[in-house]
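The primary structure of each chain is shown beneath.
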Amino acid sequence: MASHDAVFVGAGINSLAAAALLSRAGWNVCVLEREEVAGGCIRTVDGLTAPGFTHELMASWHPLFTGSAAYAELKDELDRRGVEYLNTDLPTGTAFPDGSAAFVWGSLEQNVAELERHAAGDGAAWDAMFNGFMANADLSFGLLSTELWSGAGLGLGRTALRRLGRRGLLELMGTTLASCRDWVSSTFASEQAHGLLAPWVLHTGLGPDQATSGFMTQVIACALQLGGMPVPRGGGVKLVDALMGIVRDAGGEVRTSAEVERILVSGGRATAVRLASGETVQASQAVVASVTPTALYGRLLSSGEAGAAVADAAARYRYGRGEMQIHIAMDAPPRWRGSRADELARTPIVHVTPGLDGVSRAVNEAERGLLPAEATIVCGQPCALDPARAPAGKWIIWIQLQELPAGRVKGDAAGEIDVGDGSWTETLREAYADRIVARLGESLQNVPEDTIARVVLSPADIERANVNLVGGDIYGGSCALDQNLLWRPLAQAPGHRAPVAGLWHIGASTHPGPGLGAGSGYLVYQELTRPTLTQRALAKLPTRS
Ligand SMILES: Cc1cc2nc3c(=O)[nH]c(=O)nc-3n(C[C@H](O)[C@H](O)[C@H](O)COP(=O)(O)OP(=O)(O)OC[C@H]3O[C@@H](n4cnc5c(N)ncnc54)[C@H](O)[C@@H]3O)c2cc1C
């Protein structure tokens with residue numbers, strides 16, 4: 001029977017980063033992955049559409065990883081293993097139906113000038129927003145990187161109180177709760193500024209009318225200016241390979257096609273896992289599960305082991321909207337419409353939307369079970385950063401559609417597509433993708449004629465690619481406030497220490513939620529390597545000279 005210090009269930013970014021960090025700290029770890037490849041949502045596929053085209057099947061953009069504590073600690077080692085990040089001074093923009101466009105740039109001066117061009121005073125508003133946010137950036141970023149149910153979480157609250165006083169803290173908390181709509185419309189005059197920022201709330205799993213989406217908009221606006229839109233040269237597979245290399249070179253294992261079907265509890269402590277093959281893998285210190293609460297408390301443990309209250313709450317855990325990916329190989333670089341076509345052609349993420357109300361409407365339609373009439377098209381252009389992803393002179397489009405129903409489709413808001421019984425059949429998937437590509441063609445004019453091949457993933461296909469993405473929810477569970485921050489994953493089992501000794505819960509379903517920031521993996525690595533009370537006391541003893 002194999003035995004390790006720590007056993008990880010699932011090989012997504014949180015597991016791989018934590019496993020690499022623990023390996024460097026001298027732990028012997030084993031990462032078990034049910035798919036044939038490791039990486040979870042990071043999956044680089046050569047030739048997905050056509051030979052010579054390298055696509056990111058799911059996650060593509062790495063600003064959360066390059067801004068993370070895990071990267072800060074692993075950077076030198078990753079550099080040595082050939083992980084090279086490519087970046088830009090023009091991370092994102094929005095293309096509007098009238099042919100106009102607006103952009104977020106990589107410097108304060110450029111953003112002030114950009115916003116000012118759309119409405120007098122909006123440049124100064126950006127400047128005030130950025131400087132105001134940065135004055136308390138440690139608190140805002142701290143909220144998204146601290147184990148909130150811990151001494152560190154309490155410490156963050158105390159720092160905020162000391163710095164801001166009671167009134168100031170109350171004001172900051174109020175601002176944090178505001179919606180994107182309320183925040184953008186009370187901050188910027190121009191509709192272009194609203195339409196530039198509002199689509200970004202989709203990338204946090206929220207909609208522009210939900211609580212905390214205003215705070216998340218500010219976090220993202222500042223992060224885009226500071227961090228750009230980095231991608232690894234050659235694709236996310238380079239990062240996955242390097243992290244696996246760190247684990248393996250330290251004597252650990254990363255095993256694929258290894259589905260964990262049970263966490264074994266003995267004497268109230270998680271001590272091992274059993275694979276679907278029947279094999280048992282022992283963990284002397286920790287079992288770290290990167291799964292949904294539904295899987296952890298409903299399948300991998302019995303309700304007796306975690307407690308009935310936790311099992312009941314996990315059964316009620318909510319999943320968010322579904323998502324569709326469209327991958328296109330193009331025979332030529334993009335020809336965007338309008339006076340800012342050249343800037344659009346070198347922007348890695350362009351949102352195509354009528355603006356704030358367009359995003360709001362599409363989110364609302366999806367939440368009512370409908371295919372949106374005019375979805376927000378997230379049009380990714382990886383070749384703008386890494387031209388070698390396509391043969392010379394050709395191009396790749398990575399489209400994300402984050403406004404689709406959770407579960408069965410009840411109808412089409414445009415009244416055009418017959419949704420049948422509401423399941424994601426090939427016919428429904430391709431009909432919806434046709435609508436999106438036709439609309440994209442109004443802004444990115446050569447999409448129809450220059451398309452060589454296209455591959456579409458429906459929400460059902462996305463769940464098939466990664467079992468944690470239930471119903472095609474790419475964020476591992478609704479990020480509404482009652483299921484986020486202090487309450488993620490469950491009010492009955494918040495944070496990462498599961499209610500069974502030796503068992504830790506990480507991944508997108510846990511704080512600080514989805515994305516490639518490896519935040520939950522890093523928090524658990526810190527907790528596992530924290531010196532014990534005895535070690536800390538012994539370290540304080542005077543040494544004999
Ligand atoms: C289409 C898409 C696009 C995205 N784009 C971006 C982006 O560009 N930038 C960004 O920052 N974020 C993006 N995200 C979000 C981000 O990728 C995820 O939130 C993040 O990768 C989740 O990481 P994780 O550590 O939770 O594990 P995951 O990546 O979810 O991996 C979990 C792994 O666990 C495995 N597993 C589950 N159960 C078991 C079991 N019982 N036994 C063994 N293995 C098991 C699964 O097979 C899976 O491989 C995107 C997500 C998707 C789906």
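Structural data are supplied above this passage.
Residues numbered from 1 in each chain as written. Predicted model: local features only at pLDDT ≥ 70, side-chain atom pairs only at ≥ 80, totals over all residues. Heavy atoms only, no water.

Student: Explanation requested: the pattern of salt bridges in the structure shown.
Tutor: Pairs can form between side chains of opposite charge whenever their charged atoms are close. Per the counting criterion, the structure on display carries 33 salt bridges. In this structure, R429 and D461 form a salt bridge, with 3.0 Å as the shortest nitrogen-oxygen distance. Of this pair, R429 sits in helix 17 (residues 426–440) while D461 sits in helix 19 (residues 459–465), placing them 32 residues apart in sequence. Here R429 matches D461 in class, with each residue buried. Residues participating in the shared-partner salt-bridge network are R429, E430, D434, R454, D461 and R464. (Salt bridge = Lys/Arg side-chain N within 4 Å of Asp/Glu carboxyl O. Helix = DSSP H or I, 4+ residues; strand = E, 2+ residues; numbered from the N terminus. Buried < 20%, exposed > 50% of the residue type's maximum accessible area, 1.4 Å probe, protein only.)

Student: Help me out: how do you make sense of the packing of helix 12 (residues 293–300) against helix 14 (residues 308–315) in this one?
Tutor: What describes two packed helices is the angle between their axes and the distance between those same axes. Relative orientation of the contacting elements helix 12 and helix 14 amounts to 130 degrees, with a least axis distance of 8 Å. The orientation of helix 12 relative to helix 14 falls into the category oblique. Note on packing geometry: the crossing formed by helix 12 with helix 14 is left-handed. Contact residues: helix 12 offers P293, T294 and Y297, while helix 14 offers V310, A311 and A314. The residue makeup of the contact of helix 12 with helix 14, split by class, is 5 nonpolar, 1 polar and no charged. (Axes fitted to C-alpha atoms, helices over the stretch in contact; angles between N-to-C directions. Parallel < 35°, antiparallel > 145°, perpendicular 65-115°, else oblique. Left-handed = near helix turned anticlockwise from the far one by under 90°. Contact = heavy atoms within 4.5 Å. Nonpolar A, V, L, I, M, F, W, Y, C, P; charged D, E, K, R; others polar.)

Student: In this structure, what is going on with the site of the ligand? I would like to understand it.
Tutor: Around the ligand, the surrounding shell holds 35 residues, and the nearest of these are N14, E33, C41, A508 and G515. In the environment of the ligand, a nitrogen atom lies 2.9 Å from a nitrogen or oxygen atom belonging to the backbone of V260. One nitrogen or oxygen atom from the main chain of G515 is found 2.7 Å from an oxygen atom belonging to the ligand. Contact with the protein chains hides 95% of the accessible area of the ligand, taken as 1,000 Å² for the molecule alone. Elements supplying a minimum of two residues to the shell around the ligand: helix 1 (13–24) and strand 13 (322–330). Here the shell around the ligand is built from residues that sort into 18 nonpolar, 12 polar and 5 charged. (Near = heavy atom within 4 Å. Polar contact = N/O pair within 3.5 Å; in protein donor to acceptor, adjacent residues only side chain to side chain. Areas by Shrake-Rupley, 256 points an atom, 1.4 Å probe, with all protein chains shown as cover.)

Student: It is not clear to me how a nonpolar patch on the surface should be interpreted in this structure. Could you clarify?
Tutor: A cluster of nonpolar side chains, M134, F141 and L226, forms an exposed patch at the surface whose accessible area comes to about 250 Å². Locating F141 in the fold gives a position in helix 6 (residues 137–143). Here F141 falls in the partly exposed class, since its relative accessible area comes to 31%. (Patch = residues over 30% accessible without salt bridge, like charges linked within 9 Å, V, L, I, M, F, W, Y side chains within 5 Å.)

Student: I tried to follow the packing of aromatic side chains on my own but got confused; where do I start?
Tutor: Any two aromatic rings considered together are summarised by their centre-to-centre distance and by the angle between their planes. Scanning all chains against the criterion turns up 9 aromatic pairs. Look at Y317 and Y319: their rings are 5.2 Å apart centre to centre, the planes differ by 80 degrees, and that puts the pair in the edge-to-face class. Ring-pair connections join several aromatic residues into one group, and the members of that group are F65, Y71 and Y85. (Phe/Tyr/Trp six-rings, centres within 6.5 Å; stacked < 30°, edge-to-face > 60°.)

Student: Please clarify how the environment of G165 should be interpreted in this entry.
Tutor: Counting through the fold element by element, G165 comes out in helix 7 (residues 151–177). Using a relative accessible area of 26% as the deciding quantity, one classes G165 as partly exposed. Remark: the alpha-carbon pair of G165 and Y317, spanning 152 residues in sequence, is separated by 36 Å.

Student: Sorry, what's going on with unusual backbone geometry here?
Tutor: Most of the time, phi is negative for any residue but glycine, and the peptide bond is trans. Of the consecutive residues R488 and P489, the connecting peptide bond is found in the cis state with omega at 0 degrees. Along the chain, the position of P489 falls in strand 20 (residues 489–490). Following H511, the chain continues into P512 via a peptide bond in cis, with omega recorded as 0 degrees. On the secondary structure map, P512 appears in the loop between strand 22 (503–505) and helix 20 (519–529).

Student: Whenever I open this one, helix 11 (residues 237–249) confuses me. Can you help?
Tutor: Residue pairs three or four apart in sequence face the same way in an α-helix, which turns once every 3.6 residues. Over its 13 residues, helix 11 runs 18 Å from end to end, which matches the ideal 18 Å to within 8%, given 1.5 Å per residue. Those residues of helix 11 that are buried lie in contact with helix 1, strand 2 (29–32), helix 2 (63–66), helix 3 (69–80), strand 5 (85–86) and strand 9 (253–255). Just downstream of helix 11 lies G251, where phi reads positive at about 95 degrees. (Expected span 1.5 Å × (residues − 1).)

Student: Honestly, the nonpolar core in this entry has me stumped. Any pointers?
Tutor: A general tendency of soluble globular proteins is for nonpolar side chains to be buried together. Judged by nonpolar contacts, the single largest core of 50 residues is most densely connected at W61, W126, F188 and L197. Elements that contribute at least two residues to this core include exactly strand 7 (101–104), helix 4 (108–118), helix 5 (122–135), helix 8 (180–187), helix 9 (191–197), helix 10 (213–227) and helix 19. Excluding anything up to four places from it in sequence, W126 contacts V104, L108, N111, V112, L115, F188, L197, A221 and Q225. (Core = buried A, V, L, I, M, F, W, Y, C linked by side-chain atoms within 4.5 Å.)

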